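Notes for the structure review
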Amino acid sequence: MMKFKEVNHSIPKVDGRGLLKGASAYTDDLAVDSALIVKLLRSPYAFAKIKSIDIKKALKTEGIECILTYKDVPRIPITRAGQSYPEPSPKDKFILDNYVRYVGDEVAIIAGTTEKVVDDAMKLIGVDYEIFEPVLDFEKAIGHKSIIHPEKEIYTMFPMGLDAKNNIACSYMDTMIVGDVDKQMKESEVTVEQRYFTNAQQQVPLEPHTSTAFIDVQGRLNIITSTQNPYHTRRIIGEALGKPQRDIRVYKPRIGGGFGAKQQVHNDLFTAIVTLKTGKPSKCFYTRQEVQENTFTRHEMRFDIRLGADKKGNLEVFDMQLLSNTGAYGEHALTTFMVAGSKLLPMYNKAKHLRFEGKVVYTNRCPAGAYRGYGALQANFAVESAMRELAEKLNMDPTELRLKNCIKEGETSPVFSVMGEGGEGIAQVMESCKLDYCIKRGRELIGWKKKYPSKQIAPNKIRSVGTAIAMQGSGIPLLDMGAAVLKLNDGGFFNLLMGATDLGTGSDTVLSQIAAEAIGVPVNRIVITSSDTDTTPFDVGAYASSTTFVSGNAARKAGLNMRALLIEEAAKALKAVHKDDIIFEDCTFKSKFGGESITLEELSQGLYHTFGTDMKQLIASGSNTSPKSPPPFMSAFVEIEIDTETGQINILEYVAVVDCGTTINPNLARIQVEGGILQGIGMAMWEDVRYSKDGKMLSNNLMNYKIPNRKDVKKITVEFAESYDPAGPYGAKSVGEIGIDTPLAAIANAIYNAVGVRIRSVPLTPEKILTGILEKDSTK
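Residues numbered from 1 in each chain as written. Predicted model: local features only at pLDDT ≥ 70, side-chain atom pairs only at ≥ 80, totals over all residues. Heavy atoms only, no water.

1. Some words on the overall build of the protein
When you go through the protein residue by residue, the secondary structure sums to 20 helices and 27 strands. The globule rule puts the C-alpha radius of gyration for 780 residues at 28 Å, and the 27 Å found for the protein is close to it. Each principal axis of the C-alpha distribution contributes one length, and for the protein these read about 95 × 75 × 50 Å. The 780 residues of the protein split such that 62% are buried. Taking contacts inside the protein between residues at least 6 apart in sequence as the whole, the part at least 24 apart equals 79%. Carbon and sulfur atoms make up 51% of the accessible area of the protein, which totals about 28400 Å². The distance from the centre of the 94 positive side-chain charges to the centre of the 94 negative ones in the protein is 2 Å. (Helix = DSSP H or I, 4+ residues; strand = E, 2+ residues; numbered from the N terminus. Rg over C-alpha atoms; globule rule 2.2 N^0.38 Å. Buried < 20%, exposed > 50% of the residue type's maximum accessible area, 1.4 Å probe, protein only. Contact = heavy atoms within 4.5 Å. Areas by Shrake-Rupley, 256 points an atom, 1.4 Å probe, with all protein chains shown as cover. Lys, Arg positive; Asp, Glu negative; His and termini not counted. Charge placed at Lys NZ, Arg CZ, Asp CG, Glu CD.)

2. Considering the packing of helix α11 (residues 398–405) against helix α13 (residues 435–446)
Direction vectors running N to C along α11 and α13 enclose 165°, while the axes themselves pass 9 Å from each other. Here α11 lies roughly antiparallel to α13, going by the angle between them. α13 is crossed by α11, and the crossing has left-handed handedness. Mapping the contact onto sequence places Thr399, Glu400, Arg402 and Leu403 in α11 and Asp436, Ile439, Lys440 and Arg443 in α13. (Axes fitted to C-alpha atoms, helices over the stretch in contact; angles between N-to-C directions. Parallel < 35°, antiparallel > 145°, perpendicular 65-115°, else oblique. Left-handed = near helix turned anticlockwise from the far one by under 90°.)

3. A short note on the sheet that holds strand β11 (residues 248–251)
Taken together, the seven strands give an open sheet; going across it, the order is β3-β5-β1-β12-β9-β10-β11, and neighbouring strands pair in mixed fashion. A single partner strand is all that each edge strand has here, and the edge strands are β3 (64–68) and β11. Averaged over all adjacent pairs, the angle separating strand axes in this sheet is 20°, with direction ignored. Strand direction decides the pairing type here: strand β1 (residues 36–42) and strand β12 (residues 282–285), joined by two bridges, are parallel. Looking across to β12, one finds that Ile37 is bridged to Lys283. The sheet contacts of helix α6 (residues 230–241) involve β10 (221–225) and β11, and relative to β11 the element is tilted by about 145°. (Pairing = 2+ DSSP bridges.)

4. Regarding the packing of aromatic side chains
Given two aromatic rings, one states the distance between the centres and the angle between the planes to describe the pair. Per the stated rule, a full pass over the model turns up 13 aromatic pairs. With a centroid separation of 6.2 Å and an interplanar angle of 85°, the aromatic rings of Tyr196 and Phe381 are classed as edge-to-face. Residue Tyr196 is located in strand β8 (residues 190–198), and its partner Phe381 is located in helix α10 (residues 376–394); the two are separated by 185 residues in the primary sequence. Here Tyr196 matches Phe381 in class, with each residue buried. Their ring planes at 40° and their centres at 4.9 Å tell us that Phe337 and Phe356 sit as a pair that is tilted. On the criterion of sequence distance, the pair formed by Phe337 in helix α9 (residues 333–342) and Phe356 in strand β15 (residues 353–362) is long-range, its members being 19 residues apart. Looking at Phe337, the relative accessible area reads 1%, which means it is buried. The structure contains a cluster of three or more aromatic residues connected by ring pairs, namely Phe47, Tyr99 and Phe132. Arg298 extends its terminal NZ or CZ atom over the ring of Tyr371, reaching a point 4.0 Å from the ring centre. Here the guanidinium or amino end of Lys706 rests over the ring plane of Trp686, the centre of that ring lying 4.7 Å away. (Phe/Tyr/Trp six-rings, centres within 6.5 Å; stacked < 30°, edge-to-face > 60°. Lys NZ or Arg CZ within 6 Å of the ring centre and 35° of its normal.)

5. Details of the domain arrangement of the protein
What the domain assignment reports for the protein is domain 1 (16–22 + 480–624), domain 2 (31–132 + 206–257 + 262–294) and domain 3 (300–476 + 628–779). Put simply, the middle of domain 1 and the middle of domain 3, counted by C-alpha atoms, are 39 Å apart. Between domain 1 and domain 3, the residue contacts involve 19 residues of the former and 20 residues of the latter. Note on domain 1 versus domain 3: buried area summed over both sides is about 1500 Å², and carbon and sulfur give 62% of it. At the boundary of domain 1 with domain 3, the tally comes to zero salt bridges. Where domain 1 meets domain 3, there are eight residue pairs in polar contact (both at pLDDT 80 or more). For the side of domain 1 that touches domain 3, the secondary-structure elements that each account for two or more residues are α15 (507–519) and α16 (547–573). Taken together, the residues of the side of domain 1 that touches domain 3 break down into seven nonpolar, nine polar and three charged. (Domains from an automatic or database assignment. Buried area = accessible area lost by both parts, 1.4 Å probe. Salt bridge = Lys/Arg side-chain N within 4 Å of Asp/Glu carboxyl O. Polar contact = N/O pair within 3.5 Å; in protein donor to acceptor, adjacent residues only side chain to side chain. Nonpolar A, V, L, I, M, F, W, Y, C, P; charged D, E, K, R; others polar.)

Structural data, given as structure tokens:
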């Protein structure tokens, strides 16, 4: 394994000490005390048209500065998705509209001097609605008599199958087909055909969505916001308001969790328009109920999976048909759908007959959007459950079935050439893939051979193990771009300017380590500034597991360019020494032939103070995009204990073995995997976004929406495979999402191994387990 001085070492987060000491670091901390409070009047109905709205009485409330309805704001269709341009999502949303499409959709923007003033005024607004029958069941959305988007202005930036009159946000048909699936299914000796469902899930960042805006001395709109992508946010706000991007600045301070929830633009639109209308600072902070009801959830999905194999377990057919629920608006509709196929079909690359098709539909529910795992998690539950069912029919160990059929180093898949996140495809060979090692090592760590399939430990207690494997990506090829700038300061330290966005993941730390490694200096010589559209270079932001791979490569390139500049200037300072003869070690430049030397501090002082006509500012930059998106891989093994009298599950241990290339900061990488595992366990066992029969979300607070904590899992074991991908910065691939993908299927498979109950929908509740046990007993 390669040895590094700065990367592949666990150092504390660069912002860790300040956050622990309570530094004012978050958006709400930075809002001025005089900022107007902005709140939203929201729809009580799942689907309605505003016939009239009366704000006269409300405007008379003392302290009210403005009230805006759909009549007062630009009517420009946008997508809030926070994706690269041209956005692969329908432009089907207005700042405000005369149609409301889910309970909680925005009706009016109210701004006043205090929260009480705004609340009092809100009660005085009168709205008359024409109520329509809502579309609440996504399996009945296509062709429903209620058309959720009847407006004529909505459009897409490229063909994606938008058919609004039939409530279809996008479709993907007759494109991802290899071989003859139907013919081979008839010929395969062993087949599985099953339907699986995954529910919606809340991201639950502990910091609610918060935005504050003000006009600066140059008359420019400044927005401080808890966003994952400042540059996309600036572009979307400019588009929605019809305002040039040069007149807008977006800055992201620290974020209290994102997980995809803050990739989209939410209350930034409202603070921006209030500040522009009034000329005064404003801020909007969502309540927990608003975060749950009125931001985004994970896409609910239905999968029809067909697998065919010969009697030896060689996979021949892999067919996935998908129906996805995008809710009231189409943000991320196409891309989450595509990821469901592009991150699962290539993982089992031995099948020669492949098909992936389906549709994404509108409903009158909370809009769906980005969430860690992003389609791959949902598909993983279906595919990895189906693989266990295939192993059962083959009478084959599930780990051996996976080892026989999974992709390996040096191999490829036809899927790569056909499809990507937005439908684009780029062929790639696995230059690093230790998935087979991960499977073998994981079953060693869990004690698979001794524990599979199950063991009775008491009359009503059974312990069992289950497994699943996963594959993700490292950014979006030739679409994601990140840049870095390095500036040498007198004193011999560097400013690293990154557009990349740290969500609490530690990316500021990781990028500092990469830049330090490239320059050849200790990481304490790097001072990072990130996520400001005025002062830092362009970056798409934190999503699609892109930061370490995409932005990290930019930091590496900037660091190498800075190192070259330093050596060139040191050669001049040391007189008559060619730059190729300079050695730079321990922050000192010297000739390999001996003689004089000069320290980094001395060089910087000379460049800025004493070198006369040779004085100059040293600045280096690096930009990165890539035709490759090297996948990280993971095998997961879980040991559970089930009480057969109650259906209660206890998770005793969760083992993850991960191939993410070089771990730039092993401790931060481990935390990423552990956090993803816990979120996946939450969706597997407890988290359930529930609605009333009228479409109102019932799970709209943390009293009735349980998320897991560290005590819910007795032991989490994470190991990293020794791996190096030549396309990544110092061999690194992504690690941010891979941990979340496997818990649904791994736990479902463990339940089956314990009690013979196959659950094909999540959450995997005690009620479902107990019902399955009772049904089994009744047929004996």
